[in-house]
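A structural walkthrough
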Amino acid sequence: MNIDQALYELGVRDDTLSDDDIESLDRNGFLRVENALTPEQVEVQRRRVYELIELEGEDAGLEVHKEEGADRLGDLVNKDDIFDICFTHPKLLASIRHIVGGDFRMGALNARNVHPGYGHQAFHQDSGKPGSPGNYEYVNSIYFLVDFTEENGPTRVVPGSHSGGELANEAMDDPTDEHPDEVHLTGKAGTAYIFNAHLWHGGTINRSDGNRPAVFAYFGRRDVPPYIDQRKYIRPETYDRLGDGAKYVLDVQGAEEFTPEGFERSRVVQATGHR
């Protein structure tokens, strides 16, 4: 299987992205997708995120990292099939293909639940390097599990910064400051934003009295190192339920042959005992 076959199996067609979608990705560096999740998917994902935070306790987020004032979860691919839509949504996949201009794979499927009074981040690029047209390596996406408002700490971005060839921490005196061109990504629960990972972006402080949960799916060109090697995490029950297209996007096809036992377990999964 190749990327074209995988994307076709997962519902991507020549008209999945409109001309306006493509213009937004190219000019602004991001695309808003209304109703990317149904109300039912939002409810089930939000409930499952809170269940996993409670279940994993102090171990929550060990697959990625810890953050003061926010709950982190990693490896959602293996924790519930309700999250599969977050890495197989056709508009997401078509956008990634357009941005990187070739083959790609998923590098992480995580959640972040920001508590009141926390969440402000410096402007940064998830890629860690400046971008330029024709040389983009990574793409990120965020799925809102509650309404994102000006009060509860929406993500802020600087439109067009993905193509400027500069790093935020080098171009700004203080990347934690406001930027004169920044915009906030707000919307109803179920909205998704797909953005070029070279885009300057960061969280803002949650000034509401409620938590702000969201799911993030991160992707990279297939010729660059993945953020997380999904082959080290994939579990037999997950592998068995995935179609060939999803296995290709995760880069886990043939995973049953990786070790004599069939599947390699990551050190984190072994240490925490999570299944």
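Residues numbered from 1 in each chain as written. Predicted model: local features only at pLDDT ≥ 70, side-chain atom pairs only at ≥ 80, totals over all residues. Heavy atoms only, no water.

On to the sheet that holds strand β7 (residues 192-196), then. Ordered by their spatial adjacency, six strands build an open sheet running β1-β7-β4-β9-β3-β2, and the pairing between neighbours is antiparallel. Strands with a single pairing partner mark the edges of an open sheet, and in this sheet they are β1 (30-33) and β2 (70-73). Each strand of the sheet is rotated relative to its neighbour by a mean of 20 degrees, with strand direction disregarded. By the bridge criterion, five bridges tie strand β4 (residues 138-144) to β7 in an arrangement that is antiparallel. Paired with V139 across the two strands is N196, which belongs to β7. Packed onto the sheet, helix α2 (residues 19-27) meets β1 and β7 and runs at close to 140 degrees relative to β1. (Pairing = 2+ DSSP bridges. Helix = DSSP H or I, 4+ residues; strand = E, 2+ residues; numbered from the N terminus. Axes fitted to C-alpha atoms, helices over the stretch in contact; angles between N-to-C directions. Contact = heavy atoms within 4.5 Å.)

A separate point is the layout of surface pockets. Left-over empty space is what a probe sized like a water molecule reveals as it rolls over the atoms. The calculated volume of the largest pocket comes to roughly 490 Å³. Taken together, 20 residues line the largest pocket, and the ones lying closest to its centre are R72, H124, D126, N140 and F216. Residue assignment for the lining of the largest pocket shows that the elements contributing at least two residues are β3 (104-114), β4, β8 (201-202) and β9 (212-221). Across the lining of the largest pocket, the residue classes tally to seven nonpolar, nine polar and four charged. Of the volumes computed, that of the second largest pocket is approximately 280 Å³. As for the second largest pocket, its lining consists of D4, L7, Y8, V12, R13, D14, T16, L17, I22, A94, R97 and H98. (1 Å grid on protein atoms, 1.4 Å probe; cavity = no way out; pocket = protein on both sides within 12 Å on 5 of 7 lines; lining within 4 Å. Points joined across faces, edges and corners; volume = space filled by probe spheres on them. Nonpolar A, V, L, I, M, F, W, Y, C, P; charged D, E, K, R; others polar.)

Here the focus is the confidence of the model for the chain. Counting all residues, the mean pLDDT for the chain is 91, and 93% of those residues have values of 70 or more. Between residues 260-275, whose pLDDT stays under 50, and residues either more than four places distant or in other chains, the model counts 35 contacts. (pLDDT = per-residue confidence, 0-100.)

Moving on, we get to unusual backbone geometry. The backbone phi angle of N35 is positive, close to 55 degrees, even though this residue is not glycine. Examined against the element boundaries, N35 turns out to sit in the loop between β1 and α3 (39-56). On the basis of relative accessibility, which here comes to 63%, the residue N35 falls in the exposed class. Backbone geometry at D251 places phi at a positive 60 degrees, although glycine is not the residue there. The residue D251 is located in the loop between α8 (244-250) and α9 (267-272) in this model. Judged by relative accessible area, D251 falls into the buried class, the value being 9%. (Buried < 20%, exposed > 50% of the residue type's maximum accessible area, 1.4 Å probe, protein only.)

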